[in-house]
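Residues per chain are reported as follows:
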Amino acid sequence: MKLSTKGRYGLRAMVDIAGNGGEGAVSISSIAQRQNLSESYLEQLMSLLRKAGSIESVRGAGGGYRLARTPQSISVGEVLRALEGDLNPVECSALLGAGEPCAAEDTCVTKYVWQRISQSINETVDQIFLSDLLRENTQCTAKRLCES
């Protein structure tokens, strides 16, 4: 499975909001500057994340975006699905559970492989939370400072 820039940049933006939001909202321009990302692209990603209920927008002076819930309750899986759609490694009707049944479904030996890979991916990203990424980011930053 290969994530697009939507998933990679959106996850970076969510960690940025979680780490810099405190009690207030974080502006798109500040996220874009810290993460070296395009503001217009970030707006598109924020719209998807807002629709998914992961973030809230705040209007007015000091406006921007804030997490809709705590970093401990927002999983990486939730963020990636909001931005990427399903996380299945291949297009397979056995994984999607909808649409036209596969003509080879009864004799398909690889279906089992794709189901196991898909299950493993989904379980993994659902067990990693923004709080875990914040902790990892803090450790990486501390390590860089110590090495300087």
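My aim in this report is to walk through the structure given alongside it, one point at a time. (Residues numbered from 1 in each chain as written. Predicted model: local features only at pLDDT ≥ 70, side-chain atom pairs only at ≥ 80, totals over all residues. Heavy atoms only, no water.)

This part covers helix α1 (residues 5-20). Along its 16 residues, α1 runs 22 Å from first to last C-alpha, staying within 8% of the 22 Å computed at 1.5 Å per residue. Turning to α1, its buried residues number three or more, namely G7, G10, L11, A13, M14, V15, D16, I17 and A18. Measuring from the backbone nitrogen of K6 back to the side-chain oxygen at the start of α1 gives 3.2 Å, which picks out S4 as the cap. Residue G22 follows α1 closely and has a positive phi angle near 50 degrees. (Helix = DSSP H or I, 4+ residues; strand = E, 2+ residues; numbered from the N terminus. Expected span 1.5 Å × (residues − 1). Buried < 20%, exposed > 50% of the residue type's maximum accessible area, 1.4 Å probe, protein only. Polar contact = N/O pair within 3.5 Å; in protein donor to acceptor, adjacent residues only side chain to side chain.)

Quick look at the nonpolar core now. The biggest cluster of nonpolar side chains holds 28 residues, and the ones touching the most others in it are M14, I17, L42, M46, I55 and L67. Listing elements by their share of this core, those giving two or more residues are α1, α2 (28-35), α3 (39-51), β2 (64-67), α4 (76-84), α6 (111-126) and α7 (130-147). The greatest single-element share of this core, amounting to six residues, is contributed by α1. Here I55 is in contact with M14, I17, M46, L49, R50, Y65, R66, L67 and A68, once residues within four sequence places are set aside. (Core = buried A, V, L, I, M, F, W, Y, C linked by side-chain atoms within 4.5 Å. Contact = heavy atoms within 4.5 Å.)

Treat this as a map of the structure, not an account of what it does.
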